[in-house]
Amino acid sequence: MKRRAFIKSGVLGTVAGVFTSTTQAKMTTPSEVEGPFYPITPQKDQDADLTRVAGKSGVAKGEIIDVFGQVLDTDLQPVEGVTIDLWQANSFGKYHHPHDTNSAPVDEHFQAWAILQSGTEGRFKFKTVIPGAYPLGRSQQRTPHIHFKIAKNGYVSLLTQMYFPNHTLNEQDGLFKRKSASEQAMMTAKVAGKSNQYQYDIILEKL
């Protein structure tokens, strides 16, 4: 099967599995809080490979993965030229942010932040590592997730978080548990072919 046909069928299959009514078919990707660690330190390297930092020879610690998907509107039409601003904790659960007091180490070879544009047919792709869980107080942890801030003129801007399928901490995570089953499904990436590849499609609402 050609790549284009594969991706299209994957997107439609995912959407069909989540939407069970006409109302749900118009659902956008659920929103989520920005969190306290949106990047504030200037960073020249913001490309689609978060596993390397320009000017350094090392590679980020952790399990390296590829994340790809499409940005669609509520009619499931691709949206090109969308700005996708993403950030996450490193594999130890530490954000590269001056206000993160977590004792986990900073990974100087992890880029931590990227700003992309959706291309032909709304597609995007980036390489990163699975983020580590990080503590919330003494007894709780946030499940691994990647933050997204998504914007394009003519569409409602979106803040959301991508979760990982079948992670043991998902059902203990306060933000994840607040979502309905269909919302959780839309916010959870799908394993795509190889175990280190994840598909995550985003649905935006037109203004």
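Scroll up to find the structure this text is about.
Residues numbered from 1 in each chain as written. Predicted model: local features only at pLDDT ≥ 70, side-chain atom pairs only at ≥ 80, totals over all residues. Heavy atoms only, no water.

1. As for the overall build of the protein chain
What counts is decided by this rule: We count a stretch as a helix when DSSP gives it H or I for four or more residues in a row; a strand needs E for two or more, and each element gets its number in order from the N terminus. Burial classes follow relative accessibility: with a 1.4 Å probe on protein chains only, a residue under 20% of its type's maximum area counts as buried, one over 50% as exposed, and anything between as partly exposed. We call two residues contacting when some pair of their heavy atoms lies within 4.5 Å.
Scanning the protein chain for helices and strands turns up 4 helices and 11 strands. Split into buried and exposed, the 207 residues of the protein chain put 46% on the buried side. If you take every contact in the protein chain between residues at least 6 apart in sequence, the share linking residues at least 24 apart comes to 73%.

2. Remarks on the sheet that holds strand 3 (residues 113–117)
Stated formally: Two strands qualify as a pair provided that DSSP identifies no fewer than 2 bridges between them. A fitted line through C-alpha atoms serves as each axis, taken over the contacting stretch for helices, and the angle formed by two N-to-C directions is quoted from 0 to 180°.
An order of 3-2-7-8 is seen for the 4 strands of this open sheet, with the pairing classed as antiparallel. Lying at the two open borders of the sheet, with one neighbouring strand each, are strand 3 and strand 8 (158–163). For this sheet, the mean inter-axis angle between neighbouring strands, taken without regard to orientation, is 25°.

3. Quick look at empty space enclosed by the protein
Vacant regions in the atomic arrangement are exposed by a probe of water-molecule size rolled over the atoms. This is how it is decided: Here a cavity means grid points, on a 1 Å grid over the protein atoms only, where a 1.4 Å probe fits yet cannot get out; a pocket means an open set of points with protein on both sides within 12 Å along at least five of seven lines; lining residues are those with an atom within 4 Å of a point. Grid points are joined across faces, edges and corners, and a volume is the space filled by probe spheres set on the points.
By the definition in use, this model includes 2 cavities of 30 Å³ or more. Of the volumes computed, that of the second largest cavity is approximately 30 Å³. In terms of lining, the second largest cavity is formed by Asn 90, Lys 94, Tyr 95, His 96, Val 106, Asp 107, Phe 110 and Ala 112.

4. Some words on unusual backbone geometry
Here the phi dihedral of Leu 76 falls at roughly 65°; this positive angle occurs in a residue that is not glycine. Structurally, the position occupied by Leu 76 is in the loop between strand 1 (64–73) and strand 2 (83–87). Here Glu 121, not a glycine, exhibits a phi torsion of approximately 60°, which is positive. Inspection of the secondary structure assignment puts Glu 121 in the loop between strand 3 and strand 4 (123–129).

5. Examining the packing of aromatic side chains
Remark: the centre distance and the inter-plane angle together describe each pair of aromatic rings, the angle taken between the planes. Definition in use: Classification of ring pairs rests on two measures: the distance between centres of Phe, Tyr or Trp rings, Trp counted by its six-membered ring, which must be within 6.5 Å, and the angle between planes, read as stacked under 30 degrees, edge-to-face over 60 and tilted in between. A ring is considered to have a charge above it if a Lys NZ or an Arg CZ atom is located within 6 Å of its centre and within 35 degrees of its normal.
Counted according to the given criterion, the structure contains 8 aromatic pairs. Directly above the ring of Tyr 38 sits Lys 149, whose terminal nitrogen or CZ lies 4.0 Å from the centroid.

6. Quick word on the nonpolar core
Threshold: Put simply, buried Ala, Val, Leu, Ile, Met, Phe, Trp, Tyr and Cys residues joined by side-chain atoms within 4.5 Å make one nonpolar core.
Counting 29 residues, the largest nonpolar core has Leu 86, Phe 126, Phe 148 and Ile 202 as the members making the most contacts within it. Contributing elements (two or more residues each) for this core: strand 1, strand 2, strand 3, strand 4, strand 7 (145–151), strand 8 and strand 11 (202–204). Setting aside anything within four residues of it in sequence, one finds Leu 86 in contact with Leu 50, Ala 112, Trp 113, Ala 114, Leu 116, Phe 126, Ile 146, His 147 and Phe 148.

7. Looking at the environment of Lys 125
When you line up the elements, Lys 125 lands in strand 4. Taking C-alpha positions, Lys 125 is 9.8 Å from Tyr 198, a pair spaced 73 residues apart along the chain. If sequence neighbours within four positions are ignored, Lys 125 has contacts with Ala 48, Asp 66, Val 67, Phe 68 and Leu 116.

8. Focus: the pattern of salt bridges
Definition in use: For this document, the term salt bridge refers to a Lys or Arg side-chain nitrogen within 4 Å of an Asp or Glu carboxyl oxygen.
The tally for this structure, following the rule as stated, stands at 6 salt bridges. Between Lys 179 and Glu 32 there is a salt bridge; the shortest N-O distance is 3.7 Å. Of this pair, Lys 179 sits in the loop between helix 3 (174–177) and helix 4 (181–187) while Glu 32 is found in the loop between helix 2 (22–25) and strand 1, placing the two residues 147 residues apart along the sequence. Residue class for Glu 32 comes out buried when judged on its relative accessible area of 11%. Salt-bridge contacts for Lys 206 lead to Asp 73; the nearest nitrogen and oxygen are separated by 3.5 Å.

9. Description of the pairing of strand 7
With 5 of 7 residues buried, strand 7 lies mostly within the body of the structure. Strand direction decides the pairing type here: strand 2 and strand 7, joined by 5 bridges, are antiparallel. For Ile 84, the partnering residue across the bridge sits in strand 7 and is Ile 150. Bridge count for strand 7 against strand 8 is 6 bridges, and the pairing is antiparallel. When the bridges of strand 8 are listed, His 145 appears paired with Tyr 163.

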